[in-house]
Structure formats: C-alpha cells, structure tokens
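Read off the chains here:
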Amino acid sequence: MLVNKDNIQYGEIKAPEVECSSKPIVLNDRTMEEHKGKIIAAMQKEKLDFLFIYADREHGGNFGYLTGFEPRFEEAVLVLHVNGKAYLLLGNENLKMVKYSRIEAEAVHVPHFSLPNQPMDTELNVEELIRRAEISDGQHGGVVGWKMFTSKKEVNIELFDVPYFLVDALKQIVGRNGSIENRTALFMDPSDGARAIVNADEAAHYEYGASNAAVHIKAVMDNLKEGKTEIELARFLNPSGQPLTVQTICASGQRFTKAVVAPRDKSIEMGEPFSVTIGLRGGLTCRAGYVARDEEDLPMDQKMYIEKVAKPYYAALATWYSSVAVGVTGGEIYRLVEQAAPKEEYGWYLNPGHLISSEEWLSSPFYKDSNIVLKSGMMLQMDIIFSVKGYAGINAEDGVLLADRDLRDAIARRYPELWVRMAKRRRYFTDVLGIQISDDLLPLSGLCGYVRPFLLDRKRAMFLKS
C-alpha cells in the first residue's frame, strides 16, 4: 500500500514491548538433512559432479548451512559429491571439528588452511590434497564462496571469490575435459536459492538473534544521555558471546574520525546525530536520529528535520511494511518505495531491503523491475537508508518473516512462545503504529516500525494517521 508523507504523524504513542528469545535454538537433524537434500537436488538439476564449498572467518554461511559450524579463524572447504559423499578439508586447529559436523564427512588435513608459521608437515601439495576428496579429471564442479555475481559485463559463473591457489588447483585437477563454475547461486539466489527459504525450526533459530539485537538497541535508546560516551553506551550491546554479522556501531557526531569505525571514548553532545547498530545471526537492528528532545535542540538550519526527513522516511517505511506479502514481486516493492520517497530527492541508492540469514545480507529480490516473487519462508530486512543534504540521516532497520498459513501453523505448534511474541508485534503495528500488514508478515524484532527521530524524547514517535 502506498503511504503518503502527509498521512504521517509525530506524536505521543506507547513504546513497544521489546521481548526476545531467552535461549538459542539449535537446528534439528531433520532440518539439517533437508539442507543437504535441497543442495543435492540442485546439483542434480545443474548436472554437477561436486561442489567445492569454501569458508573463512568472515564468509562461512554456505559452508555452515551443511556442516552446522563455521571456521573460527582458519579456512576450510566442504567437498560434496552428487551421490552425497562428503569430505571436509580442514586446517590444523579445525581438524577436530569433523567429528562434530552435522553432515557425515571424511576429513582431509590441509595444513595450508592453518595460520602463518604453523606446522605444514605434509608431503603433498594443495592439488594432491584436494584429489583426496575424490575430485578428478573430467568432472564438472561448482565452486561456492560467499558472493553471487550479477555483473552485466562479465560471465558471472566464471568469476570466483575464493583464493586463487584453490581455483588454480581445481582447474588443474578437472583438466580440459572437465569444468568448474561459480555456483554460489545454488545457496543464495533470491529466486530459488536453497537458503532463501526457511522452515519453522530455522525461523525460531534465527529469531533468537533478531529479537536480541532489538533488545540491545532499545537499551541504548533508553539509556542515551548527554555526557555519556559511545563506549559506555556500547556496553548495552553485549551479544553474550554470539557471533556478530556486522561491525557494531555506536556513534555520535562526526563519524569515522581517524578512520575509527568502532565505538570511541567520545562524549555524546546535544543536537548531534547518533546511530547505533548490532547484527546477530538472523537479524540486524539499526536506529539513527538526533540526540535531542525536540527540534529546538537542533542546529538552526536543521530544525525542519521532521517535515523534510522523518515524515517522508516513515512514509517509505510504512509503504514497505504494508506492501510486503507472499506473491508480491520485489520490483513492485521497489516501485512503491520509489513513489513514496523518490530516491533522487531522498538519496537512497541501495536495495530497499534484502534477504537475511546467518549473514546480515544474503541477497536481494528488491531492485528495479525485479520479477522475483516473494515467497513463504523468506526472511527479509527493511533497509531503506536516506541521505538528505543538510540533515543527519535516519534509519530504522529490522527484519520480518513471510509465512503462509502452513508455516504460521507450524510455528504456533512447535514454538508457542515465539508465536506469542510475533502476535504481539503484529498488534503493535496495527493498533499503535496504524500500519496495516499482511497476514503473511511476522516481525522478527520487537522494534519493527518504531522510529524516534529525537532519541531523547522517549514518549513520542512516528506513526500513521488512522
């Protein structure tokens, strides 16, 4: 539904109850078997003999989708054959993980994946070690890194984002009678990638991160105070040891001084812009606005912030949330957001949303003229970022799950506490924020739709006139 900025209001409303999951949910064996089955089916369709799935500390989502774990500081490779046989190529300190892997696999010790100057006591070179995973001449394989290229100037399946020494060895092994191609899309493509759709167990698994991220951000918002330092506020972003998916942000005033992107020992000052972000597996929450009680606390040339920035932003946000539903195309959402807040005027230039998973950004169906249909099981991030000249930014990112009746019933039956949280969040959208949402839309975050442009005013927020 297209929302006009004239229908947006800033006033006193009830703040949301930001509840979170109290414990992480481990994916069950049935779901992990389903993961393997989906990938094997995709390999059969593409007539691939094997997949060579690379992972490192920052890029392990596709590897972890099958193994259940990601490398902590080394590199690793999972070789999966179309017949289901699997090999784990692991470094010195990761070798023990083969016995914990969720996919049954045989270990191949590859010390080249270990840290610099650690023992490399092997008589075999990289090519010979990879051959131990039963990759041989004439085979056709897919290389899976973390990036699915979409360039219009190159043959995308011929671009590889894994280390050269591995790609070179693979080419030597399969020879002229074989081939390797970038097949990361089998996992990540927004139209039919295996990871684009989650089941009820995965929804509960990922809601843990999404809901906790929201709790941390709400704590920072409610403890924000002039004179506190970024470091003091960042203590409310303690992730309890859970992996982060992005650099944590807690910044006021001029950001990136001396190229520092982490929270600094800088005091918060009245009238400054402020932004805070934490991303956990399953969801990221971000809020950006002013350290202010009202427009009187702003610099003289920025006092029209509500009219010039906050209201059009909230119109775009409300348009997104009220339009996203099973069966709608990503291109239609893009077009509606563009109508609500033209990008040339409001400076947004990235996709107005994307898929989320164990990464902050998996891929995106939201781009101009996209014909990708939104499906049940997609986890989506509302990610509209304004940049209006003369004003600080505004941002209110959170995630949602699209769920048809069958998936909703499965969640309610298997995870009743999660279902209660989602139902409360839905009621907040309609009853407090005035945004009508599809039955398909289940908020993963308790902050979904809640925007306080003046962060020191804890009573007022943006909402849609009824």
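Quick notes on the rules
Residues numbered from 1 in each chain as written. Predicted model: local features only at pLDDT ≥ 70, side-chain atom pairs only at ≥ 80, totals over all residues. Heavy atoms only, no water. Helix = DSSP H or I, 4+ residues; strand = E, 2+ residues; numbered from the N terminus. Rg over C-alpha atoms; globule rule 2.2 N^0.38 Å. Buried < 20%, exposed > 50% of the residue type's maximum accessible area, 1.4 Å probe, protein only. Areas by Shrake-Rupley, 256 points an atom, 1.4 Å probe, with all protein chains shown as cover. Lys, Arg positive; Asp, Glu negative; His and termini not counted. Charge placed at Lys NZ, Arg CZ, Asp CG, Glu CD. Pairing = 2+ DSSP bridges. Polar contact = N/O pair within 3.5 Å; in protein donor to acceptor, adjacent residues only side chain to side chain. Contact = heavy atoms within 4.5 Å. Phe/Tyr/Trp six-rings, centres within 6.5 Å; stacked < 30°, edge-to-face > 60°. Expected span 1.5 Å × (residues − 1). Arc of directions from axis to C-beta. Axes fitted to C-alpha atoms, helices over the stretch in contact; angles between N-to-C directions. Core = buried A, V, L, I, M, F, W, Y, C linked by side-chain atoms within 4.5 Å. Patch = residues over 30% accessible without salt bridge, like charges linked within 9 Å, V, L, I, M, F, W, Y side chains within 5 Å. Salt bridge = Lys/Arg side-chain N within 4 Å of Asp/Glu carboxyl O. Parallel < 35°, antiparallel > 145°, perpendicular 65-115°, else oblique.

Okay, the overall build of the chain next. Tallying secondary structure elements over the chain gives 12 helices and 15 strands in all. Here the C-alpha atoms of the chain give a radius of gyration of 24 Å, agreeing with the 23 Å that 2.2 N^0.38 yields for 466 residues. The C-alpha extent of the chain, read off along each of the three principal axes, is 70 × 50 × 45 Å. Sorting the 466 residues of the chain into buried and exposed places 56% on the buried side. For the chain, the exposed area adds up to about 20500 Å²; of that, 49% sits on carbon and sulfur atoms. For the chain, the distance from the average position of its 56 positive side-chain charges to the average position of its 64 negative side-chain charges is 4 Å.

Right, let's talk about the pairing of strand β9 (residues 273-280) for a bit. Across the eight residues that make up β9, a large majority, seven, are buried. Pairing between strand β8 (residues 249-252) and β9: four bridges, direction antiparallel. Note that in β9 the partner of Ala251 across the bridge is Ser275. Bridge analysis of β9 against strand β10 (residues 283-290) gives eight bridges, and the strand direction is antiparallel. From the neighbouring strand, Pro273 faces β10, where its bridge partner is Tyr290. Connecting β9 to the antiparallel partner β10 that follows it, the hairpin turn spans two residues, and Gly282 within it adopts a positive phi of roughly 110 degrees.

Here the focus is the side chain of Glu272. Turning to its location among the elements, Glu272 is positioned in the loop between β8 and β9. In this structure the side chain of Glu272 is engaged in a polar contact, spanning 2.9 Å, whose partner is the side chain of Lys266. Contact partners of Glu272, with chain neighbours within four places excluded, come to Ser252, Gly253, Lys266, Ser267, Gly289, Tyr290 and Val291.

Scanning all chains against the criterion turns up 13 aromatic pairs. Summarising the aromatic geometry, the rings of Phe63 and Phe69 are spaced 5.4 Å apart at their centres and angled 90 degrees between planes, so their arrangement reads as edge-to-face. Each member of the pair, Phe63 as well as Phe69, is classed as buried. With centroids separated by 5.1 Å and ring planes inclined at 90 degrees, the aromatic side chains of Tyr313 and Phe386 adopt a geometry described as edge-to-face. Here Phe386 lies in the loop between β12 (379-382) and β13 (395-402) and Tyr313 lies in helix α8 (residues 305-323), a separation of 73 residues in the sequence. Residues Tyr313 and Phe386 agree in their burial class; the two are buried. Ring pairs connect the aromatic residues Tyr10, Tyr290, Tyr305, Tyr391 and Phe454, which therefore count as one cluster.

The subject of this paragraph is the side chain of Ser101. Of note, Ser101 is situated in the loop between β4 (86-90) and β5 (106-109). A polar atom in the side chain of Ser101 sits 2.8 Å from the backbone oxygen of Ile103. Leaving out residues up to four positions away in the same chain, Ser101 has contacts with Thr67, Phe69 and Leu88.

Taking 1.5 Å of rise per residue, the 17 residues of helix α12 (residues 416-432) would be expected to cover 24 Å, and the 24 Å separating its terminal C-alpha atoms lies within 8% of that figure. Turning to α12, its buried residues number three or more, namely Leu418, Arg421, Met422, Arg425, Arg426, Tyr428 and Phe429. The arc enclosing the buried residues of α12, seen along the axis, measures out at 150 degrees, which places them on a common side. Turned more than 90 degrees off the buried face of α12, the exposed positions are Glu417 and Asp431. In the core, the buried residues of α12 are packed alongside α6 (200-223), α8, β13, α11 (405-414) and β14 (441-443).

Here we take up the sheet that holds strand β3 (residues 76-81). Consider a sheet: its strands pair through backbone hydrogen bonds, and that pairing is either parallel or antiparallel. Taken together, the six strands give an open sheet; going across it, the order is β5-β4-β3-β2-β6-β7, and neighbouring strands pair in mixed fashion. Each edge of the sheet is formed by a strand with only one pairing partner; in this case those strands are β5 and β7 (179-182). Between one strand axis and the next, the sheet turns through 20 degrees on average, direction left out of account. Pairing of strand β2 (residues 50-55) with β3 involves six bridges; the strand directions are antiparallel. Bridged to Ala55 within β3 is Ala76. The sheet contacts of helix α1 (residues 29-46) involve β2 and β3, and relative to β3 the element is tilted by about 65 degrees.

What follows deals with the nonpolar core. With 102 residues, the main nonpolar core has Phe187, Phe274, Trp320, Tyr321, Leu380, Phe386 and Ile435 as its most contacted residues. Element by element, the count of residues in this core is highest for α8, at 12 residues. Residues within four places of Trp320 in sequence aside, it is in contact with Ile333, Val337, Pro352, Gly353, Phe366, Leu380, Gln381, Met382, Ile384 and Val400. Counting residues in hydrophobic clusters, the runner-up holds 24 residues, among them Phe50, Val108, Ile173 and Ile180.

A grouping of Tyr349, Leu350 and Ile385 is seen on the molecular surface, where their side chains present a nonpolar patch of about 340 Å² in accessible area. Structurally, Leu350 is set in the loop between α10 (343-346) and β11 (354-355). For Leu350, a relative accessible area of 44% gives the class partly exposed.

Here the phi dihedral of Asn117 falls at roughly 75 degrees; this positive angle occurs in a residue that is not glycine. At Asp369, a residue that is not glycine, the phi angle is positive and equals roughly 65 degrees. Among the structural elements, Asp369 can be located in the loop between β11 and β12.

Turning our attention to the pattern of salt bridges. Considering all chains together, one arrives at 24 salt bridges under this definition. Measuring nitrogen to oxygen at the nearest pair gives 2.9 Å for the salt bridge that ties Lys266 to Glu272. Of the two residues examined, Lys266 and Glu272, each falls in the buried class. Each of Glu17, Glu19 and Lys424 takes part in one network of salt bridges that share partners.

Running from N to C, α11 and α12 cross one another at 120 degrees; their axes reach a closest spacing of 5 Å. Judged by the angle between their axes, α11 and α12 are oblique. In this structure, α11 uses Arg408, Ile411, Ala412, Arg413 and Arg414 to contact α12, whose residues at the interface are Pro416, Leu418 and Trp419.

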